[in-house]
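# Observations on chain architecture
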Amino acid sequence: MNKAFIKEPDQSGPVHCPRCGSLGTVVNDRTLAAHLGADFHGRVANPANFCPYPACSVVYFDQFDRVITIEDIGRPVYPKDPEAPMCACFGLTRQDIDDEIAAGSVARLREMIAKAKSAEARCETAAFDGRCCVAEVQRYYMQHRQSAG
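Let us look at the structure shown here. (Residues numbered from 1 in each chain as written. Predicted model: local features only at pLDDT ≥ 70, side-chain atom pairs only at ≥ 80, totals over all residues. Heavy atoms only, no water.)

### Topic: the layout of surface pockets
Considering only enclosed or pocket space, the largest pocket measures out at about 520 Å³ in volume. Looking at the largest pocket, it is lined by 26 residues, and the ones nearest its centre are Y78, P79, M86, D129 and E136. Taken together, the elements giving at least two residues each to the lining of the largest pocket come down to helix 6 (123–126) and helix 7 (134–148). In terms of residues, the lining of the largest pocket owes the most to one element, helix 7, which gives three residues. For the lining of the largest pocket, the class distribution of residues is 19 nonpolar, one polar and six charged. (1 Å grid on protein atoms, 1.4 Å probe; cavity = no way out; pocket = protein on both sides within 12 Å on 5 of 7 lines; lining within 4 Å. Points joined across faces, edges and corners; volume = space filled by probe spheres on them. Helix = DSSP H or I, 4+ residues; strand = E, 2+ residues; numbered from the N terminus. Nonpolar A, V, L, I, M, F, W, Y, C, P; charged D, E, K, R; others polar.)

### Brief notes about the packing of aromatic side chains
Applying the stated criterion across every chain, the model contains one aromatic pair. On the numbers, 6.1 Å between centres and 65° between planes, the contact of F50 with Y60 is edge-to-face. Placement of the pair is F50 in strand 2 (residues 48–50) and Y60 in strand 3 (residues 58–61), with a sequence separation of ten residues. On the basis of relative accessibility, which here comes to 2%, the residue F50 falls in the buried class. One Lys or Arg, K80, reaches over the ring of F50 and ends 5.8 Å from the middle of that ring. (Phe/Tyr/Trp six-rings, centres within 6.5 Å; stacked < 30°, edge-to-face > 60°. Buried < 20%, exposed > 50% of the residue type's maximum accessible area, 1.4 Å probe, protein only. Lys NZ or Arg CZ within 6 Å of the ring centre and 35° of its normal.)

Shown next as structure tokens:
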């Protein structure tokens with residue numbers, strides 16, 4: 001077929017998950033390489049995107065609507081699995097935050113935030129979305145602290 005009749009995907013605008021329609025978060029090649037085995041690494045084009053919608057089974061997708069799902073990954077992915085660590089670098093979970101709220105403490109959260117800002121953090125390769133978790137941890141804490149009373 002003549003290439004003049006093939007529409008290339010628009011790479012300038014936002015990219016939405018082909019299954020749920022959520023706006024994807026661009027992930028770089030280092031993030032993909034850290035989470036995908038050789039069998040799956042070539043299944044999505046660069047740049048790839050992370051689907052942040054918790055109920056969607058897609059973890060990564062590209063502009064050609066190719067996907068890598070939770071089943072392909074084979075291990076818990078936050079936020080798809082609420083019991084998976086929110087902080088992939090240091091293992092902080094929602095339950096840990098709920099325990100801090102119940103205890104009226106923020107010591108563990110402060111410790112994790114300090115570590116996340118240090119050289120120990122490896123968000124780009126540890127987190128499935130390649131991003132630092134601090135904003136998500138703080139958001140979760142504030143929402144659940146308010147609902148706890």
